Amino acid sequence: MIITSMISESKLQKIEHVIDYLQQVPFDASPADLYSGSDLYHGYHPDALDSFSQCYDQQVYNHFITKGKHAQDIQESLARTLHDHAIHAAMNQFIAEHDERLFIGVMGGHALKRTDEMFGTIVRLSKQLTEEGFFMISGGGPGAMEATHLGAWMAGKTETDLDDALSILSVAPSFSDEGWLSSAFRVMTQYPQEQYVSLGIPTWLYGHEPSTPFATHIAKFFQNSIREDNILTLPYGGIIYTPGSAGTMQEVFQDAVQNHYLSFGYSSPMIFIGKDFWTYDMPIYPLLERMMETGMYRNLLLTLTDDIDEVVSELHQFRETKVNNH
């Protein structure tokens, strides 16, 4: 009563109006936990026609598009900000439960098909790293991102199990193919995961690209800037770059700046898989080397390889170095 007496009736009405709005949006403006694949796709049933368009994730995305990617309505802007703040808090709690030096990021193209050789390479690498105690992080979408979380999901399973899972997924190679999501849930049902975890960080800004349900923990944001910052700062144990396009290029240089300035106290490995791609198709690696030679970049820990064993070795070596110096 004391507080409300200090607020005019018109302001109280505005506050009540905002509260009403927060209760009406199709998303929880104050989620207590990170999402799971089941949470995002609640309402989706593989055998039910058009159920995808009715699931939680798509309902939120449709609302997001209707209200505008950059909401002009202050109530909508507040609802999104509160949501992202709560997700960020839940993500920080998840991170606090693990050793930061064990977080490994994977960057790469969203268009990578499940049937491509690189997809299988990322899956097997992620599976091995997860089994060896690392925690995998990606942008949480399809392509190379899905491969990262599929590998983590299949950690502890046999090679035969993994081959079977890849076979199941091959019926829908691209995220635009019918059966992309249903085949993922089929794998998850057939090979449940209760021991290992991974963190996907997608955004509704790119909501036309479905989030992979293979990530056991999903921090989905409205603001892509928050998402990009986190997928590049949280992998303190290093980032693995696989072939990609514009988004991956942006991530390389954003990560390089952080490492150059030792923004978080130390530099982390930047490992590039695909010598031909990073040397000729997209000659970023020679540029980074040249900038290191001239002093325009400092502190970068660069590796270019086609050898998965070398990737694993570099990450373990860095991990042991940080443990000894901790």
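**Student:** It is not clear to me how the sheet that holds strand β5 (residues 239–241) should be interpreted in this structure. Could you clarify?
**Tutor:** To summarise the sheet geometry, strands pair through backbone hydrogen bonds and adopt either a parallel or an antiparallel arrangement. Strand order in the open sheet formed by 7 strands is β4-β3-β2-β1-β5-β6-β7, and the pairing between neighbours is parallel. With partners counted over all chains shown, the strands left at the sheet margins are β4 (217–218) and β7 (301–305), one partner each. The sheet contacts of helix α6 (residues 117–131) involve β1 (103–107), β2 (135–138), β5 and β6 (269–273), and relative to β2 the element is tilted by about 140°. Each of β1, β2 and β5 touches helix α10 (residues 224–233); the most contacted strand, β5, lies at about 105° to it.

**Student:** Could you clarify how one ought to interpret the packing of helix α8 (residues 159–169) against helix α9 (residues 180–190) in this entry?
**Tutor:** How two helices sit against one another is set out by the angle between their axes and by the gap between those axes. The contact between α8 and α9 brings their axes to 8 Å, and the two run at 155°. With respect to α9, the element α8 is oriented roughly antiparallel. Relative to α9, α8 is oriented so that their crossing is right-handed. Along its contact with α8, which presents Asp-164, Ala-165, Ile-168 and Leu-169, the element α9 presents Ser-183, Ala-184, Arg-186, Val-187 and Gln-190. Split into classes, the residues belonging to the contact of α8 with α9 amount to 5 nonpolar, 2 polar and 2 charged.

**Student:** Please clarify how the pattern of salt bridges should be interpreted in this entry.
**Tutor:** Under the definition given, this model contains 9 salt bridges. One salt bridge connects Glu-146 with Arg-114, and the closest N-O pair in it is separated by 2.7 Å. Residue Glu-146 is found in helix α7 (residues 144–153), and its partner Arg-114 is found in the loop between β1 and α6; the two are separated by 32 residues along the sequence. Each member of the pair, Glu-146 as well as Arg-114, carries the same accessibility label: buried.

**Student:** Whenever I open this one, the pairing of β2 confuses me. Can you help?
**Tutor:** On a regular strand, each side chain points to the face opposite its neighbour's, so the side chains alternate between the two faces of the sheet. Of the two faces of β2, both are covered, the one formed by Phe-135 and Ile-137 as well as the one formed by Met-136 and Ser-138. In terms of strand pairing, β1 meets β2 through 3 bridges, oriented parallel. When the bridges of β2 are listed, Ile-104 appears paired with Met-136. On the question of chirality, the crossover connecting β1 to the parallel β2 by way of α6 is right-handed. Where β2 meets strand β3 (residues 198–200), 3 bridges bridge the pair, whose relative direction is parallel. Bridge pairing links Ser-138 to Gly-200 in β3.

**Student:** Quick question: what am I supposed to make of the environment of Arg-319 here?
**Tutor:** Take Arg-319: it is sitting in helix α14 (residues 308–325). Expressed as a C-alpha distance, the spacing of Arg-319 and Gly-238, which sit 81 residues apart in the sequence, is 9.2 Å. Sequence-distant contacts of Arg-319, that is, excluding residues within four places in its chain, are made with Leu-102, Glu-132, Gly-133 and Phe-134. At a separation of 3.1 Å, a polar atom in the side chain of Arg-319 contacts the main-chain carbonyl oxygen of Glu-132.

About the thresholds
- Residues numbered from 1 in each chain as written.
- Predicted model: local features only at pLDDT ≥ 70, side-chain atom pairs only at ≥ 80, totals over all residues.
- Heavy atoms only, no water.
- Pairing = 2+ DSSP bridges.
- Helix = DSSP H or I, 4+ residues; strand = E, 2+ residues; numbered from the N terminus.
- Contact = heavy atoms within 4.5 Å.
- Axes fitted to C-alpha atoms, helices over the stretch in contact; angles between N-to-C directions.
- Parallel < 35°, antiparallel > 145°, perpendicular 65-115°, else oblique.
- Left-handed = near helix turned anticlockwise from the far one by under 90°.
- Nonpolar A, V, L, I, M, F, W, Y, C, P; charged D, E, K, R; others polar.
- Salt bridge = Lys/Arg side-chain N within 4 Å of Asp/Glu carboxyl O.
- Buried < 20%, exposed > 50% of the residue type's maximum accessible area, 1.4 Å probe, protein only.
- Right-handed = clockwise from strand over helix to strand, strands pointing away.
- Polar contact = N/O pair within 3.5 Å; in protein donor to acceptor, adjacent residues only side chain to side chain.

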